[in-house]
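Survey of secondary and tertiary structure
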Amino acid sequence: MLGRIVDALSSRGIVSKRWKRSDVLKVFEDLEVELLSEGMPLKVLDFLKEEVSKSLDGVETKGKPREVVKEHIKRVLLEKMPKPPDITEIRGRPAKLIFFGFNGVGKSLSIVKVAKYLIKRGFLTMVISADTFRAAAGDQLEGYARAAEVPVFKGQRGADPASVAFDGISSAASKGYDYVLIDTAGRNYLDRNLVEELRKIVRVSKPDLKVLVLDGLSGSDMINQCDSFEDAVGIDVLIVTKVDASTELPAIIASFYTGKPVIFLGVGQGIEDLKPFDPKEALDRVLG
Ligand SMILES: Nc1nc2c(ncn2[C@@H]2O[C@H](COP(=O)(O)OP(=O)(O)OP(=O)(O)O)[C@@H](O)[C@H]2O)c(=O)[nH]1
Ligand SMILES: [Mg+2]
């Protein structure tokens, strides 16, 4: 009887509670429906459950159990989400950033947004189109770039993308550019030829920063994309796009899962629709 009263009071946050693993799992039963429906992959959820159970086991807390668990989820997530570096501090002659990712995630638009961001801060910046496979792709990049007044170096259709990247870098270096941003063809990570081609572009261009672009709407496939590109060429930082049509949860998941920082969020189709990512603020917004 007394036990039941204490349980009832502690579940309302009136008296303190010493946590057992089963208590944590009970709160998760409730939360996981929400998290799964917002696109959290099961693999990430299971890992979180385990970590939060461990960190709360035997701990005494006061406050509503759901809020306590949420605070611990935030703490576990934040620990593995590095603070993003300031890309304006990368130096080189020129500094080289390569952008890659799955088909249609928003690489070309993001690259022009980032170029504009750098140009606005006084850096001479050029975009290289190493997507020589589809004529339309180069045209599309050029379209975005022209609208934003960003210079583009474009290879001949069908030319070897690695040599286009090399020529573009040489041209930028001879003209004294501060930054080159290399756009690559969207690739399905199951296509070995395209993965080999990306490896070659990276080998030849020796980037200072390797940027994986992810689509915030791609759901749990996002973590497969992270694994594949990490295996293929290695990832330094992430950009998560289409966040205007989702929450920041996909960016949190991607950063937590890979242990890599998110440098920007894409928040719309305009050139200015680029937002720096703050892990702590994002967690507060998403998890309340
Ligand atoms: N709403 C919204 N749309 C975006 C965002 N970023 C990109 N898009 C749209 O997504 C579509 C694809 O963008 P691209 O930049 O061409 O994508 P990509 O990754 O270069 O595509 P491929 O080169 O074909 O692999 C376009 O219609 C963009 O306008 C974003 O942050 N928000
Ligand atoms: Mg593209």
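Throughout what follows, the structure given in this document is the object of discussion. Keep in mind that this is a model prediction, so the values were computed, not measured.

**As for the sheet that holds strand 5 (residues 152-154)**
Strands sit in the order 5-4-6-3-7-8-9-10 across an open sheet of 8 strands; the sheet is mixed. Edge positions in the open sheet fall to strand 5 and strand 10 (274-276), since each of these has one partner strand only. Between one strand axis and the next, the sheet turns by 25° as a mean value, whatever way the strands run. Sheet topology places strand 9 (residues 262-266) next to strand 10; 3 bridges connect them, and they run antiparallel. Among the inter-strand pairings, L265 is bridged to a residue of strand 10, identified as K275. Strands in contact with helix 10 (residues 249-258) are strand 7 (209-215), strand 8 (237-241) and strand 9; relative to strand 8, the strand with the most contacts, it is inclined by about 160°.

**What to know about the site of ligand 1**
By nearness alone, 20 residues border ligand 1, and G106, S108, L109, G186 and G266 come closest of all. Within the residue set of the shell around ligand 1, elements represented by two or more residues are helix 5 (107-120) and helix 6 (135-148). No other element matches the 3 residues that helix 5 contributes to the shell around ligand 1. Its residues assigned to classes, the shell around ligand 1 comprises 5 nonpolar, 10 polar and 5 charged.

Cut-off values and rules
Per chain, the residues get numbers from 1 upward, laid out in the order the sequence is written. Lettering of chains starts at A and numbering of ligands starts at 1, both following the order in which they are written. Per-residue local features are limited, in this predicted model, to residues with pLDDT of at least 70; the limit for side-chain atom pairs, both in listing and counting, is 80 or more; totals at the level of whole chains, interfaces and linings are taken over all residues. Pairing between two strands requires that DSSP report at least two bridges joining them. By definition, any uninterrupted DSSP run of H or I lasting at least four residues is a helix, any uninterrupted run of E lasting at least two residues is a strand, and each is numbered from the N terminus. Geometry is summarised by axes, namely lines fitted to C-alpha atoms with helices restricted to the contacting stretch, and by angles between N-to-C directions that run from 0 to 180 degrees. Contacts are defined on C-beta atoms placed from the backbone: any two residues whose C-beta positions lie within 7 Å are in contact. For each residue, a C-beta atom is positioned from the backbone; the residue is called near a molecule or strand if that atom sits within 6 Å of it. When residues are sorted by character, Ala, Val, Leu, Ile, Met, Phe, Trp, Tyr, Cys and Pro go into the nonpolar class, Asp, Glu, Lys and Arg into the charged class, and all the rest, Gly among them, into the polar class.

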